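Fold and contact review
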Amino acid sequence: MSMRRKLLMLFATALVAVIGLITLYTAFEYTLVSDVRERIAGAQTKEGVELGALLFETRGCSACHTLNGISISSIGPDLTGIATVASEAQIAESIVDPDAEISENCGGQACSRGLMPRFGDILDDREVTALVEFLSRYGRGGVERRE
Ligand code: HEC
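Residues numbered from 1 in each chain as written. Predicted model: local features only at pLDDT ≥ 70, side-chain atom pairs only at ≥ 80, totals over all residues.

1. Some thoughts on unusual backbone geometry
Trans is the common state for peptide bonds, and a negative phi is the common state for residues other than glycine. A positive phi angle is found at asparagine 68, which is not glycine, with a value near 50°. Of note, asparagine 68 is situated in the loop between helix H3 (61-64) and helix H4 (82-85). (Helix = DSSP H or I, 4+ residues; strand = E, 2+ residues; numbered from the N terminus.)

Encoded structure:
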């Protein structure tokens, strides 16, 4: 094997390893790290909109989605006003199985499939319901802001 080929193989292996590690870490962040943060915040005693607001912060939603002008990135669609264009069932489906239907506007660009984790595999029904309640209340277009 030529030196160039060997280097290329090495590079490809390193790349696969790095992508694997990032994927593992991301899964870890969305599950175990979030579990710990929620325990500290007393998630067990919260429910409905209040639990939804907590999960929106701890489960990474706010890292990808803007809501009422609060934004770190626009990887996912702006959720401001989501409750005026989507039903509760549609919002729930977007959370449980994001790839079932792909939204069109992610920061002015087409949205990518497979970026949003399948939260149906991560969250239980009570948590999904809480997120839906939270978005139904606060996803109305900045009329009612949090805090
Ligand atoms: C890694 C980034 C990422 C994370 C984390 C994430 N999302 Fe998403 N989300 C996306 C992307 C990209 C889309 C658009 C593609 C699609 O429709 O699946 C999307 C779509 C959505 C939609 C549909 C929006 C529309 O306009 O139809 C909703 C609702 C949603 N996400 C809610 C959530 C909630 C709630 C959480 C946290 C439990 C979350 N997202 C976490 C990236 C993310």
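2. Quick look at helix H6 (residues 125-138)
The end-to-end C-alpha separation of H6 is 20 Å, in line with the 20 Å expected for 14 residues at 1.5 Å each. Along H6, the residues classified as buried are Val128, Ala130, Leu131, Val132, Phe134, Leu135 and Tyr138. Contact partners of the buried residues in H6: helix H2 (48-58), H4 and helix H5 (88-96). (Expected span 1.5 Å × (residues − 1). Buried ≥ 20, exposed ≤ 12 C-beta atoms within 10 Å, placed from the backbone. Contact = placed C-beta atoms within 7 Å.)

3. So, the domain arrangement of the protein
Once the domains are mapped, the protein shows domain 1 (1-40) and domain 2 (44-147). Relative to domain 2, the C-alpha centre of domain 1 lies at a distance of 26 Å. Every contact between the two is made by 6 residues of domain 1 and, on the other side, 6 residues of domain 2. (Domains from an automatic or database assignment.)

4. Digging into the site of the ligand
Near the ligand, the surroundings consist of 27 residues, among which Cys61, Cys64, Gly76, Pro98 and Met116 are the closest. Broken down by secondary-structure element, the contributors of at least two residues to the shell around the ligand are H3 and H5. (Near = placed C-beta within 6 Å.)

5. Some remarks on the packing of H5 against H6
The contact between H5 and H6 brings their axes to 10 Å, and the two run at 125°. Comparing the axis directions of H5 and H6 gives the class oblique. Seen from above, H5 lies across H6 with right-handed handedness. Here Glu88, Ile91, Ala92, Ile95 and Val96 of H5 lie close against H6, whose contacting residues are Val128, Leu131, Val132, Leu135 and Ser136. (Axes fitted to C-alpha atoms, helices over the stretch in contact; angles between N-to-C directions. Parallel < 35°, antiparallel > 145°, perpendicular 65-115°, else oblique. Left-handed = near helix turned anticlockwise from the far one by under 90°.)

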